[in-house]
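This is what each chain is made of:
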Amino acid sequence: SKTPMRVAVTGAAGQIGYALLFRIANGDLLGKDQPVHLNLLDLPQALPAVKGVVMELDDCAFPLLAGVTITDQPKEAFKDVDIAILVGARPRSKGMERADLLTANAEIFTVQGKALNESAKRSVKVLVVGNPANTNAYIAMKSAPDLPASAFSAMLRLDHNRALSMLAAKAKVPVAEIEKLAVWGNHSPTMYPDHRYATVGGKKLSELIGDEAWIKDTFIPDVAKRGAAIIEARGQSSAASAANAAIDHVRDWVLGSDGKWVSMGIPSDGSYGVPEGVMFGVPVICSGGSYTRVEGLSFDAFSQEKVKVTLDELNGEREAIAHLLA
Ligand code: NDP
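This structure is a prediction, so every number in the text was calculated from the model and none was measured. In every chain, residue numbers begin from 1 and rise along the written sequence. Owing to the predicted nature of the model, reporting of local features is limited to residues with pLDDT of at least 70; listing and counting of side-chain atom pairs is limited to 80 or more, with chain, interface and lining totals taken over all residues. Hydrogen atoms and water are omitted, and side-chain values are computed over all heavy atoms in the structure.

Caption draft 1: Up close: the overall build of the protein. Only DSSP runs of H or I reaching four residues or more are called helices, and only runs of E reaching two or more are called strands; each is numbered from the N terminus. Scanning the protein from N- to C-terminus turns up 10 helices and 14 strands. We compute the radius of gyration over the C-alpha atoms and compare it with the globule rule, which gives 2.2 Å times the number of residues raised to the power 0.38. Expected size for 326 residues packed as a compact globule is a radius of gyration near 20 Å; at 19 Å, the protein falls within 12% of this value. Counting only C-alpha atoms and orienting by the principal axes, one finds that the protein spans roughly 50 × 45 × 40 Å. Put simply, the protein has 326 residues, and 54% of those count as buried. We call two residues in contact whenever any of their non-hydrogen atoms come within 4.5 Å of each other. Look at the contacts in the protein between residues 6 or more apart in sequence, and 74% of them connect residues 24 or more apart. Here the protein displays about 14,200 Å² of accessible surface, and carbon together with sulfur accounts for 53% of that area. When the 34 basic and 37 acidic side-chain charges of the protein are each reduced to a single mean position, those positions are 1 Å apart. Buried residues are those whose accessible area, probed at 1.4 Å on protein chains only, stays under 20% of the maximum for their type, while exposed residues exceed 50% and partly exposed ones sit between those limits. Surface exposure here means Shrake-Rupley accessible area, sampled with a 1.4 Å probe, where a residue is shielded only by the protein chains that are shown. Think of it this way: Lys and Arg go in the positive column, Asp and Glu in the negative one, and His and the chain ends go nowhere. A charged residue contributes its charge at one atom only: NZ of Lys, CZ of Arg, CG of Asp or CD of Glu.

Below you can see the structure in the form of structure tokens.
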């Protein structure tokens, strides 16, 4: 049988962690024939809760779960890991300014980037889920100079999946038949879900929908506000769908996306007017354990403006933390 792959998950005691770990152990992340060893990181005060989650993992008797390590030390958590899913982040507390939030998280992701640099496998794939995800991923990447920049990514997949589902419902087509959807930019309400290239069975999705006003007035704002709508309805933020998106992101990155476009936050290569290095959501195709950016797409005035707004926001976040990276 295969050698277990090591998967680190931070914020393991949190609600996304609770929705994520059982699926990883069940083989949803790396395949039904791939044993996994989980390395769980959380803050010292959260370790008793992590132990409780591990008791439940034990009680599932997952055949693919080869072992679990619990720690509050990043270097230990990332030792020899193949995959690192960084979920734990400092939540915004009452009265906290955006700059304070960015700074608090910059500290966490500087430490974790350095620890990955020192102890992870050189082939590690890192996904940042904890918000502000793109900037946290950027900080981790900058703090890990010995790892390739392409090892770091931020999660846009929940926005991508939300957009897919809304488009499928509107066009009355099965969600799996939609191809060539793109989500651009920052994982924040400024991200731009772009249906202009999307197709269903070779037909243009925009022609099937035939309602450009709906795209601008309903679809784009509803994707942006979906997280808030779930908090409103559930009294808690989305956790199962966020965990599912993290699984989709990493699984496709490792095992391939079958020729389909998926959206990932990745360091820019300078294309599409996005400065090199900016952790920006773009459409990619995954194959053979790596991603390839979809190239050569063009923008009309509306989409150009949408991309500019989300890029401006990301540039602002980067400027706010630049002094911490120097
Ligand atoms: P969650 O598990 O609900 O969320 C964790 C992070 O994911 C947050 O930053 C959250 O952002 C983000 N996120 C991204 N996309 C989504 C989405 N669609 N819906 C909801 N959240 C999303 O948080 P909990 O508070 O339950 O758990 C956090 C855990 O992290 C705790 O166990 C805590 O101890 C740990 N932690 C660990 C740290 C470390 O290891 N150094 C540092 C800080 C915390 P948002 O805040 O915007 O909702």
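Caption draft 2: Examining the sheet that holds strand S11 (residues 203-204) more closely. Taken in spatial order, the 3 strands make up an open sheet running S7-S10-S11, and their pairing is antiparallel. Each edge of the open sheet carries a strand with a single partner, namely strand S7 (178-179) and S11. For two strands to be treated as a pair, DSSP must find at least two bridges joining them. One ladder, built from 2 bridges, connects strand S10 (residues 199-200) with S11; its direction is antiparallel. In the sheet register, Thr199 faces S11, and the bridge partner there is Lys204.

Caption draft 3: Looking closely at the UniProt feature "domain: Lactate/malate dehydrogenase C-terminal" (unreviewed entry) in the protein. Residues given the UniProt feature "domain: Lactate/malate dehydrogenase C-terminal" (unreviewed entry) here are residues 157-321. Annotated as residues 157-321, this span is 48% helix and 19% strand, and its ends, taken at the C-alpha atoms, are 25 Å apart. UniProt positions are given in the numbering used here, feature names are shortened, and annotations may be inferred rather than shown by experiment.

Caption draft 4: Up close: the packing of aromatic side chains. Here a pair means two rings of Phe, Tyr or Trp (six-membered ring of Trp) with centres within 6.5 Å. Their orientation is stacked below 30 degrees between planes, edge-to-face above 60, and tilted elsewhere. Here the structure, examined in full by the defined rule, presents 8 aromatic pairs. Taking 6.3 Å as the distance between ring centres and 40° as the angle between the ring planes, the aromatic pair formed by Tyr197 and Trp261 counts as tilted. Here Trp261 lies in the loop between helix H9 (240-255) and strand S12 (262-267) and Tyr197 lies in the loop between strand S9 (192-194) and S10, a separation of 64 residues in the sequence. Chaining the aromatic ring pairs together yields one cluster made of Trp184, Tyr272 and Phe299. Lys204 extends its terminal NZ or CZ atom over the ring of Tyr197, reaching a point 6.0 Å from the ring centre. Put simply, a charge is over a ring when the Lys NZ or the Arg CZ is close to the ring centre, within 6 Å, and near the line of the ring normal, within 35 degrees. Lys216 extends its terminal NZ or CZ atom over the ring of Phe302, reaching a point 4.4 Å from the ring centre.

Caption draft 5: Looking closely at the pairing of strand S13 (residues 279-287). For S13, the buried fraction is high: 7 of the 9 residues fall into the buried class. When S12 meets S13, the two strands line up antiparallel, connected through 6 bridges. Along S13, the bridge assignment pairs Pro267 with Met279. In this structure, S13 lies alongside strand S14 (residues 290-293), joined through 4 bridges in antiparallel fashion. Residue pairing for S14: Val284 is matched across the bridge by Arg293.

Caption draft 6: Region of interest: the nonpolar core. Leu167, Ile178, Trp184, Leu205, Phe219, Phe280 and Val284 are the most contacted members of the largest nonpolar core, which has 42 residues in total. Every element with two or more residues in this core is listed here: helix H6 (157-171), strand S8 (182-184), helix H7 (205-209), helix H8 (212-234), S12, S13 and helix H10 (301-325). The biggest single contributor to this core is H6, with 6 residues. When neighbours within four sequence positions are excluded, Ile178 is seen to be in contact with Leu164, Leu167, Ala168, Val173, Ala198, Thr199, Val200, Leu205 and Lys260. Side-chain atoms within 4.5 Å link the members of a nonpolar core, which is a set of buried Ala, Val, Leu, Ile, Met, Phe, Trp, Tyr and Cys residues. Residues Leu20, Leu47, Val54 and Leu57 belong to the second largest nonpolar core, which totals 36 residues.

Caption draft 7: Region of interest: helix H5 (residues 133-142). Extensive coverage of H5 is indicated by the burial of 9 of its 10 residues. Listing the buried residues of H5 in full gives Ala133, Asn134, Thr135, Asn136, Ala137, Tyr138, Ile139, Ala140 and Met141. Against the buried residues of H5 lie helix H4 (98-119), strand S5 (125-128), strand S6 (152-154), S12, S13 and H10.

Caption draft 8: Structural context of the packing of helix H1 (residues 15-25) against helix H2 (residues 47-60). Lines fitted to C-alpha atoms define the axes here, with helix axes fitted over just the stretch in contact, and angles between the N-to-C directions of these axes take values from 0 to 180 degrees. The contact between H1 and H2 brings their axes to 11 Å, and the two run at 30°. Between H1 and H2, the angle falls in the class roughly parallel. Here H1 and H2 pass one another in a crossing that is right-handed. Across the interface between the two elements, Tyr18, Leu21, Phe22 and Ala25 from H1 touch Val53, Glu56, Leu57 and Cys60 from H2. Class assignment of the residues belonging to the contact of H1 with H2 gives a composition of 7 nonpolar, no polar and 1 charged. Should an angle fall under 35 degrees it is called roughly parallel, over 145 degrees roughly antiparallel, and 65 to 115 degrees roughly perpendicular, with every other angle called oblique. Throughout, a crossing is termed right-handed when the near helix is turned clockwise from the far one, and left-handed when it is turned anticlockwise from it by less than a right angle. In the scheme used here, Gly and all other residues not listed as nonpolar or charged are polar, with Ala, Val, Leu, Ile, Met, Phe, Trp, Tyr, Cys and Pro taken as nonpolar and Asp, Glu, Lys and Arg as charged.

Caption draft 9: Spotlight on the packing of H6 against H9. Across the interface, H6 lies against H9 with an axial gap of 8 Å and an inter-helix angle of 105°. One element, H6, and the other, H9, form an angle in the roughly perpendicular class. Note on element contacts: H9 touches H6 through Ser241, Ala242, Asn244, Ala245, Asp248, His249, Arg251 and Asp252, opposite Arg157, Leu158 and Asn161. Among the residues forming the contact of H6 with H9, the class breakdown is 3 nonpolar, 4 polar and 4 charged.

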